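Fold and geometry: a report
As a plain string of letters, each chain reads:
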Amino acid sequence: NGEVDFTTWWLKAESLSKDVGWTDREKRKAVTDSLLKPALDTIRHVQNQPVDEILTILKRAYGDVRSARTQLNAFYNMYPEDGQEASAYLMELHKALMDLVNNGHMTVENVSKELVNQFVEAFYDDSYSQKLNLTLDMPNPPSFGDLLLSVRTEEGRKMERKARQRMNQKQK
């Protein structure tokens, strides 16, 4: 349907609001042009205010209002669905962590540690932790990008092994 979730939209709008290459008028226009009803109706009465005021109103109206505790509990209770690829699960974890950061419930510095800890918990019985040398509370956890690359590489290896096993079984 072409609609973007609020968090994705918010990140783009917030980035735009900090761009010094745009005037406040240009920022306001870009923000209002990116809105659909009912959000457009929400800010109609303040559309001439500074863009930061418009964004504050939109975040209060449409942002995540769950408490830090509720959001953290939801994160710590995220586990992969049956058959879900580890990389897809990892991306979901990262999105949830970034929501926590954007809502002021976690610092960016803690993201890698929490990401690795929850990933290790979820795949405790799997070979990922061992093959990727991941442990709970590791002192220097990999960044999201590095971890995602490692997990996707391992997923590729697993697929190659399965394909070889199928080939060997067919040849017998």
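Residues numbered from 1 in each chain as written. Predicted model: local features only at pLDDT ≥ 70, side-chain atom pairs only at ≥ 80, totals over all residues. Heavy atoms only, no water.

A word on the packing of aromatic side chains
- A complete count under the given rule lists 5 aromatic pairs for this structure.
- Here the aromatic cluster, defined as three or more aromatic residues joined through ring pairs, consists of Tyr89, Phe119 and Phe123. (Phe/Tyr/Trp six-rings, centres within 6.5 Å; stacked < 30°, edge-to-face > 60°.)

Side note on the side chain of glutamine 118
- Tracing the backbone through its elements, the reader meets glutamine 118 in helix H7 (residues 111–122).
- Residue glutamine 118 is classed as buried on the basis of its relative accessible area, which comes to 4%.
- With sequence-adjacent residues up to four places away left out, glutamine 118 is seen in contact with Phe75, Tyr76, Met78, Tyr79, Tyr89 and Leu93. (Helix = DSSP H or I, 4+ residues; strand = E, 2+ residues; numbered from the N terminus. Buried < 20%, exposed > 50% of the residue type's maximum accessible area, 1.4 Å probe, protein only. Contact = heavy atoms within 4.5 Å.)

Topic: the nonpolar core
- The biggest cluster of nonpolar side chains holds 25 residues, and the ones touching the most others in it are Phe119, Leu134 and Val151.
- If you list the elements that add at least two residues to this core, you get helix H6 (86–102), H7 and helix H9 (144–171).
- By residue number, the principal contributor to this core is H6, which donates 8 residues.
- Here leucine 134 is in contact with Val116, Phe119, Val120, Ser129, Pro142 and Leu147, once residues within four sequence places are set aside.
- Core analysis: the second largest hydrophobic core is formed by 14 residues, Trp10, Leu16, Ile54 and Ile57 among them. (Core = buried A, V, L, I, M, F, W, Y, C linked by side-chain atoms within 4.5 Å.)

Considerations on the confidence of the model for the protein
- Looking at the protein, pLDDT values average 86 and 98% of them are 70 or higher.
- Across the protein, element-level confidence peaks in H7 with a mean pLDDT of 92 and bottoms out in helix H8 (residues 128–131) with 81. (pLDDT = per-residue confidence, 0-100.)

What about the pattern of salt bridges?
- Within this structure, the stated rule accounts for 10 salt bridges.
- Note that lysine 29 is salt-bridged to aspartate 33, the shortest N-O span being 2.8 Å. You can see lysine 29 and its partner aspartate 33 sitting in helix H2 (residues 24–33), 4 residues apart, about one turn around the helix. Grouping residues by exposure puts lysine 29 and aspartate 33 together as exposed. (Salt bridge = Lys/Arg side-chain N within 4 Å of Asp/Glu carboxyl O.)

Some words on the side chain of threonine 32
- When you line up the elements, threonine 32 lands in helix H2.
- Leaving out residues up to four positions away in the same chain, threonine 32 has contacts with Leu40, Ile43 and Gln47.

Observations concerning the environment of serine 112
- Counting through the fold element by element, serine 112 comes out in helix H7.
- Expressed as a C-alpha distance, the spacing of serine 112 and serine 143, which sit 31 residues apart in the sequence, is 5.5 Å.
- Not counting chain neighbours up to four residues away, the residues in contact with serine 112 comprise Pro141, Pro142, Ser143 and Phe144.

Quick look at the environment of phenylalanine 119
- Structurally, phenylalanine 119 is set in helix H7.
- Ignoring sequence-local partners within four residues, the contact set of phenylalanine 119 consists of Ala86, Tyr89, Leu90, Leu93, Tyr128, Leu134 and Val151.

What to know about H7
- Over its 12 residues, H7 runs 16 Å from end to end, which matches the ideal 16 Å to within 8%, given 1.5 Å per residue.
- Of all 12 residues in H7, 10 are buried; the element is thus mostly enclosed.
- Buried residues of H7: Val111, Ser112, Glu114, Leu115, Val116, Asn117, Gln118, Phe119, Val120 and Ala122, and no others.
- Considering only its buried residues, H7 is in contact with helix H5 (68–76), H6, H8 and H9. (Expected span 1.5 Å × (residues − 1).)

Considerations on unusual backbone geometry
- Residue proline 38 is bonded to the preceding lysine 37 through a cis peptide linkage, with omega at 5°.
- Here proline 38 shows up in the loop between H2 and helix H3 (39–43).
- The backbone phi angle of asparagine 133 is positive, close to 55°, even though this residue is not glycine.
- With respect to the helices and strands, the residue asparagine 133 is situated in the loop between H8 and H9.
- Using a relative accessible area of 62% as the deciding quantity, one classes asparagine 133 as exposed.
- Phi is positive for aspartate 137, which is not a glycine, with a value near 55°.
- Inspection of the secondary structure assignment puts aspartate 137 in the loop between H8 and H9.

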